[in-house]
Amino acid sequence: MNIIRNPKDVLSGLLFIALGLLFGWQTQDLPMGTAVRMGPGYFPLVLSALLGLLGLIILINGLRFPGEMPSGIAWRAVLIITCAVVFFGFGVRPLGFLPALGISVFVSALASRLFTFRTALLNTAVMVVFAWAVFIKGLGLPLPLLGPWLGGY
């Protein structure tokens, strides 16, 4: 009897668990603080635990429900998403938080085979508004909305 019914989900779950453990291990040198006064290691540790939990859920689903074998790696998508993340890292200071995020999200949408211009624009708008609401308004992070290249600061 084959215990793995969906190899794609099992591999994805194991990858998420491994990354969650790696990131959680990396936070061990950072002060944790408390839930009221969070230290610099608190939030990354919580995120790594959530990533591991998500991986466990995906792994269990891969053992319970049938699925297909992995057919290969979508190198085009990996390259596009990697470039979008790198662009955000380099572009957030000169362009500002919102333009860098908007361009990164839009370019990431190109990685999908189901890409449509309208859906990509809608996804970009939703993500930019959500990020602004969470990080700028909700958490009060001092991120410049527009960078010096666009007349900000």
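*Asks:* Looking at this structure, I do not really get the environment of Phe115. What am I missing?
*Replies:* Assignment of secondary structure puts Phe115 in the loop between α4 (97-109) and α5 (117-138). Those residues within four positions of Phe115 in sequence are excluded, and the remaining contacts are Phe106, Ala109, Leu110 and Ala120.

*Asks:* Just to check I follow, could you spell out the confidence of the model for the protein chain for this structure?
*Replies:* Parts of the prediction with low pLDDT should not have their coordinates interpreted in detail. Across the protein chain, pLDDT averages 92, with 99% of residues at or above 70. Mean pLDDT per element in the protein chain: α5 is the minimum at 94, and α4 is the maximum at 96.

*Asks:* So what exactly am I meant to see when it comes to helix α2 (residues 42-64) here?
*Replies:* Given 3.6 residues to a turn, an α-helix orients residues that are three or four positions apart in the same direction. The first and last C-alpha atoms of α2 sit 33 Å apart over 23 residues, in line with the 33 Å expected at 1.5 Å per residue. Those residues of α2 that sit buried are Ser48, Gly52, Gly55, Ile58, Leu59 and Gly62. Looking at the packing, one finds that the buried side of α2 touches α1 (7-26).

*Asks:* Would you take a moment to explain helix α3 (residues 75-95) for this structure?
*Replies:* Under the 1.5 Å per step criterion, the end-to-end length of α3 is 28 Å for 21 residues, consistent within 8% with the ideal 30 Å. The largest bend in α3 is about 35°, located at Gly89. Turning to α3, its buried residues number three or more, namely Ala77, Ile80, Ala84, Gly91, Pro94 and Leu95. The elements touched by buried residues of α3 are α4.

Reading the values: the criteria
Residues numbered from 1 in each chain as written. Predicted model: local features only at pLDDT ≥ 70, side-chain atom pairs only at ≥ 80, totals over all residues. Heavy atoms only, no water. Helix = DSSP H or I, 4+ residues; strand = E, 2+ residues; numbered from the N terminus. Contact = heavy atoms within 4.5 Å. pLDDT = per-residue confidence, 0-100. Expected span 1.5 Å × (residues − 1). Buried < 20%, exposed > 50% of the residue type's maximum accessible area, 1.4 Å probe, protein only. Bend = angle between axes of the 7 residues up to and from the residue.

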